[in-house]
Amino acid sequence: MAAIAEMQSSAPATEYHAKHGDQGPVIEVRDFNLWYGAAQALHDITMTIERGLVTALIGPSGCGKSTLLRCLNRMNDLVDGLTIRGTMLLEGQDIYDARTDVIALRKRMGMVFQKPNPFPMSIYENVIYPLRVDGIRDRRILDETVERALRGAALWEEAKDRLNESALGLSGGQQQRLCIARAIAGDPEVLLMDEPCSALDPIATLKIEELIDKLSGQYTIIIVTHNMQQAARVSDNTAFMYLGRLIEYGETEQVFTTPRLQRTLDYVTGRFG
Amino acid sequence: MTGEHIVKSYDTELGRLATIISQMGGLAEAQLANAIQALVRRDSDLAGQVIRSDAQVDALEVQVDQLAIKVLALRQPVASDLRDVVVALRISADIERMADYAANVAKRAIAMNAAPAVRPVNSVPRMGALVLAMIKDVLDAYAARDADKAMQVWQRDGEVDEMYNSIFRELLTYMMEDPRAISSCTHLLFIAKNIERIGDHATNVAELIHYAVHGQTLKEARPKSDTTPFAVVAPESGEGGSR
């Protein structure tokens with residue numbers, strides 16, 4: 001019972017907002033609730049995502065972290081029986097407003113998934129895919145974008161001599177960096193990453209982590225990860241979720257050294273359950 | 001300490017770390033008690049035993065180091081677990097120093113046994129008893145992760161300092177009265193200083209327990225009252241300048 005009471009008081013999260021709220025959040029989530037049919041998956045989530053920082057969402061399976069991430073660019077829209085209540089703002093603009101152009105919204109938020117998902121086409125075409133969708137045909141712009149995005153994703157040196165080869169010939173780690181290159185080719189404001197390293201080996205994982213570090217500042221990054229050490233290494237802020245609620249949200253160093261709530265402590269130290 | 005880890009061997013390792021620290025602490029406490037006994041009873045055999053036993057404490061410190069490094073490398077502890085490991089490393093270093101000082105007391109006790117007894121030997125064992133109680137309580141506080149109890153030990157360091165001040169002045173007086181006592185009194189002065197230092201280490205341990213429990217270092221200043229660094233004693237001019 002004590003644990004339930006503890007979960008329901010998301011006091012640290014509120015305090016955090018009081019302290020950091022005026023630093024110009026990119027994303028604001030307010031009293032956000034979500035139901036899959038009758039089952040409520042998210043409960044009263046309120047949080048701000050700060051500009052240019054890396055925010056990690058951690059928590060056990062089924063805690064709602066991926067659901068929350070997917071709500072940000074309305075990837076859940078097509079799920080049957082989905083009900084939402086609450087507000088999500090990107091730069092002050094309501095993500096769930098009826099007038100919001102979902103395609104335009106997703107361009108502003110690049111997404112990288114758990115398994116690398118390059119399209120069955122050349123490396124070059126993969127990277128410029130967002131520009132093709134926009135109908136950009138200027139070869140100079142396309143070439144520049146490919147180099148900028150591949151450099152940004154730390155893949156240029158490995159891929160520059162094989163741009164016209166199939167992306168499917170790349171290793172898993174390279175494919176994931178290609179997906180990041182594709183995500184940043186359209187110059188989004190926010191990068192959403194849903195367990196981007198879970199299908200990669202440790203060295204490829206470190207390369208992605210290094211890349212996240214390099215991209216932070218330029219992009220606001222939100223990463224869902226099961227790997228707590230990874231969250232500790234790459235993120236500035238960490239949000240711990242459990243059973244669809246935001247339990248504790250604060251600076252990563254604080255969450256991993258002196259978490260304020262027992263449940264967070266139990267989770268980060270591996271005592272959960 | 002909160003609940004158990006999902007990985008049981010992690011708990012076993014952290015528990016082992018705490019057990020070795022308790023063993024070390026128990027040994028250091030016994031070492032000091034024996035060193036003081038050796039001084040009071042003028043028992044050079046017991047003193048020799050204290051000096052030889054110091055190696056046991058050193059060996060346990062090596063065990064703590066090895067195990068702590070293993071846990072850091074293999075478990076990557078965070079939050080309270082990380083503090084437990086870091087604190088274990090530091091407490092073991094403090095206890096190791098305590099045992100070194102106890103061995104020093106024993107060495108000086110042997111040297112003093114070669115000369116006639118000095119009067120103020122009584123006040124040194126009193127100070128020793130106070131410091132022994134501090135060690136015992138701080139070890140209990142460590143075993144129970146009881147920060148309040150640790151803070152009570154921390155408060156007592158000022159008392160040890162005051163006793164040391166009075167011993168310092170007392171011994172200076174004896175030395176001025178009788179130059180033949182200088183050798184023994186100097187040994188005794190160092191013994192008192194060693195015991196006072198052991199009290200400082202017990203206070204360090206208390207601070208570390210506070211950190212392990214609360215995750216914050218203690219902000220208050222220590223109750224320091226060792227004034228001997230500033231003490232100047234000169235023969236008073238009115239007191240029959242017999243030169």
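Because the structure is predicted, anything quoted here is derived from the model rather than measured. (Residues numbered from 1 in each chain as written. Chains lettered and ligands numbered in written order. Predicted model: local features only at pLDDT ≥ 70, side-chain atom pairs only at ≥ 80, totals over all residues. Heavy atoms only, no water.)

### A short note on the pattern of salt bridges
All names here are of chain A.
Argument step 1. Within this structure, the stated rule accounts for 28 salt bridges over all chains.
Argument step 2. Its salt-bridge partner being Glu 189, residue Arg 108 comes within 2.7 Å of it at the nearest N-O pair. Taken together, the residues span a long stretch of sequence, with Arg 108 in helix H4 (residues 102-108) and Glu 189 in the loop between helix H9 (172-185) and strand E7 (190-194) at a distance of 81 residues.
Argument step 3. By relative accessible area, which is 22% here, Arg 108 ends up partly exposed. (Salt bridge = Lys/Arg side-chain N within 4 Å of Asp/Glu carboxyl O. Helix = DSSP H or I, 4+ residues; strand = E, 2+ residues; numbered from the N terminus. Buried < 20%, exposed > 50% of the residue type's maximum accessible area, 1.4 Å probe, protein only.)

### Observations regarding the sheet that holds strand E5 (residues 93-94) of chain A
Residues and elements named next belong to chain A.
Argument step 1. Strand order in the open sheet formed by four strands is E2-E1-E4-E5, and the pairing between neighbours is antiparallel. The open sheet is flanked by strand E2 (39-50) and E5, the only strands paired with a single partner.
Argument step 2. Contacts from helix H3 (residues 65-72) reach strand E1 (25-36), E2 and strand E4 (82-90), with the element oriented near 120° to E1. (Pairing = 2+ DSSP bridges. Contact = heavy atoms within 4.5 Å. Axes fitted to C-alpha atoms, helices over the stretch in contact; angles between N-to-C directions.)

### Regarding the interface of chain B and chain A
Argument step 1. Across the boundary between the two partners, chain B contributes 13 residues, which contact 13 residues of chain A.
Argument step 2. For the chain B and chain A pair, buried surface summed over both sides reaches about 1,100 Å², with 51% attributable to carbon and sulfur atoms.
Argument step 3. Here chain B and chain A share one salt bridge between them.
Argument step 4. Close ionic contact of A:Arg271 with B:Asp81 constitutes a salt bridge, the shortest N to O distance being 2.8 Å.
Argument step 5. A total of four residues in the side of chain B that touches chain A trace back to one element, the largest contributor, which is helix H3 (residues 79-113) of chain B.
Argument step 6. Here the residues of the side of chain B that touches chain A sort into four nonpolar, six polar and three charged. (Buried area = accessible area lost by both parts, 1.4 Å probe. Nonpolar A, V, L, I, M, F, W, Y, C, P; charged D, E, K, R; others polar.)

### Points about the sheet that holds strand E10 (residues 245-251) of chain A
Residue and element names in this part refer to chain A.
Argument step 1. Taking strand neighbours across the sheet as the criterion, the six strands line up as E6-E7-E8-E3-E9-E10 in an open arrangement whose pairing is mixed. Every other strand in the sheet has two partners, leaving strand E6 (109-112) and E10 as the edge strands with one partner each. Averaged over all adjacent pairs, the angle separating strand axes in this sheet is 15°, with direction ignored.
Argument step 2. Sheet topology places E6 next to E7; four bridges connect them, and they run parallel. Pairing of Gly 110 across the sheet is with Leu 191, part of E7.

### Section: the packing of helix H4 (residues 123-144) of chain B against helix H6 (residues 182-214) of chain B
Each pair of packed helices can be described by the angle between their axes along with the distance between the axes.
All names here are of chain B.
Argument step 1. In the contact formed by H4 and H6, the axes pass within 9 Å of each other and the chain directions differ by 20°. Looking at the two axes, H4 sits roughly parallel to H6. The handedness of the crossing between H4 and H6 is left-handed. Two secondary-structure elements touch here, H4 through Val 124, Met 127, Gly 128, Val 131, Met 134, Ile 135, Val 138, Ala 141 and Tyr 142 and H6 through Leu 188, Ile 191, Ala 192, Ile 195, Glu 196, Ile 198, Gly 199, Ala 202, Thr 203, Val 205, Ala 206 and Ile 209. (Parallel < 35°, antiparallel > 145°, perpendicular 65-115°, else oblique. Left-handed = near helix turned anticlockwise from the far one by under 90°.)

### Observations concerning unusual backbone geometry
Argument step 1. The phi angle at A:Asp187 is positive, at roughly 55°, despite the residue not being glycine.
Argument step 2. Judged by relative accessible area, which is 53%, A:Asp187 ranks as exposed.
Argument step 3. A positive phi angle is found at B:Ala79, which is not glycine, with a value near 45°.
Argument step 4. Mapped onto the elements, B:Ala79 comes out in helix H3.

### Looking at the side chain of B:Asp94
All names here are of chain B.
Argument step 1. Mapped onto the secondary structure, Asp 94 falls in helix H3.
Argument step 2. One buried charged side chain, Asp 94, makes no salt bridge at all; its nearest oppositely charged neighbour is Arg 90, positioned 6.0 Å away.
Argument step 3. At a separation of 2.7 Å, a polar atom in the side chain of Asp 94 contacts the side chain of His 201.
Argument step 4. Filtering out sequence-adjacent residues up to four positions away, Asp 94 remains in contact with His 201, Asn 204, Val 205 and Leu 208. (Lys, Arg positive; Asp, Glu negative; His and termini not counted. Polar contact = N/O pair within 3.5 Å; in protein donor to acceptor, adjacent residues only side chain to side chain.)

### Considerations on the confidence of the model for chain A
Close reading of the predicted structure is inappropriate where its pLDDT is low.
Argument step 1. Looking at chain A, the pLDDT average stands at 88 and 91% of residues meet or exceed 70.
Argument step 2. Across residues 1-14 of chain A the pLDDT falls below 50, and counting only partners more than four positions away or on other chains, this stretch makes 19 contacts in the model. (pLDDT = per-residue confidence, 0-100.)

### Section: the packing of aromatic side chains
Argument step 1. Within the structure shown, the criterion is met by four aromatic pairs over all chains.
Argument step 2. Taken together, a centroid distance of 5.0 Å and an interplanar angle of 20° make the contact between A:Phe240 and A:Tyr267 stacked. Of this pair, A:Phe240 sits in strand E9 (residues 237-242) while A:Tyr267 sits in helix H13 (residues 262-268), and the two are 27 residues apart along the sequence.
Argument step 3. Pairing B:Tyr164 with B:Phe168 gives two aromatic rings, centres 6.3 Å apart and planes at 50°, and the pair type is tilted. Within this pair, B:Tyr164 and its partner B:Phe168 are both found in helix H5 (residues 147-177), separated by four residues, close to a single helical turn.
Argument step 4. By relative accessible area, which is 5% here, B:Tyr164 ends up buried.
Argument step 5. Of note, A:Arg182 hangs over the ring of A:Phe119, and the distance from its end group to the ring centre comes to 4.0 Å. (Phe/Tyr/Trp six-rings, centres within 6.5 Å; stacked < 30°, edge-to-face > 60°. Lys NZ or Arg CZ within 6 Å of the ring centre and 35° of its normal.)

### So, the environment of B:Ala133
Argument step 1. When you line up the elements, B:Ala133 lands in helix H4.
Argument step 2. Measuring from C-alpha to C-alpha, the distance between B:Ala133 and B:Gly199 comes to 9.8 Å, with 66 residues separating the pair along the chain.

### Topic: the environment of A:Gln175
Residues and elements named next belong to chain A.
Argument step 1. Inspection of the secondary structure assignment puts Gln 175 in helix H9.
Argument step 2. For the pair Gln 175 and Thr 258, spaced 83 residues apart in sequence, the C-alpha separation works out to 37 Å.
Argument step 3. Apart from residues lying up to four places away in sequence, Gln 175 is in contact with Pro 116, Pro 118, Ala 167, Leu 168 and Leu 170.
Argument step 4. Separated by 3.4 Å, the side chain of Gln 175 and the backbone oxygen of Leu 168 make a polar contact.
Argument step 5. One polar contact links the side chain of Gln 175 to the main-chain carbonyl oxygen of Leu 170, over a distance of 3.1 Å.

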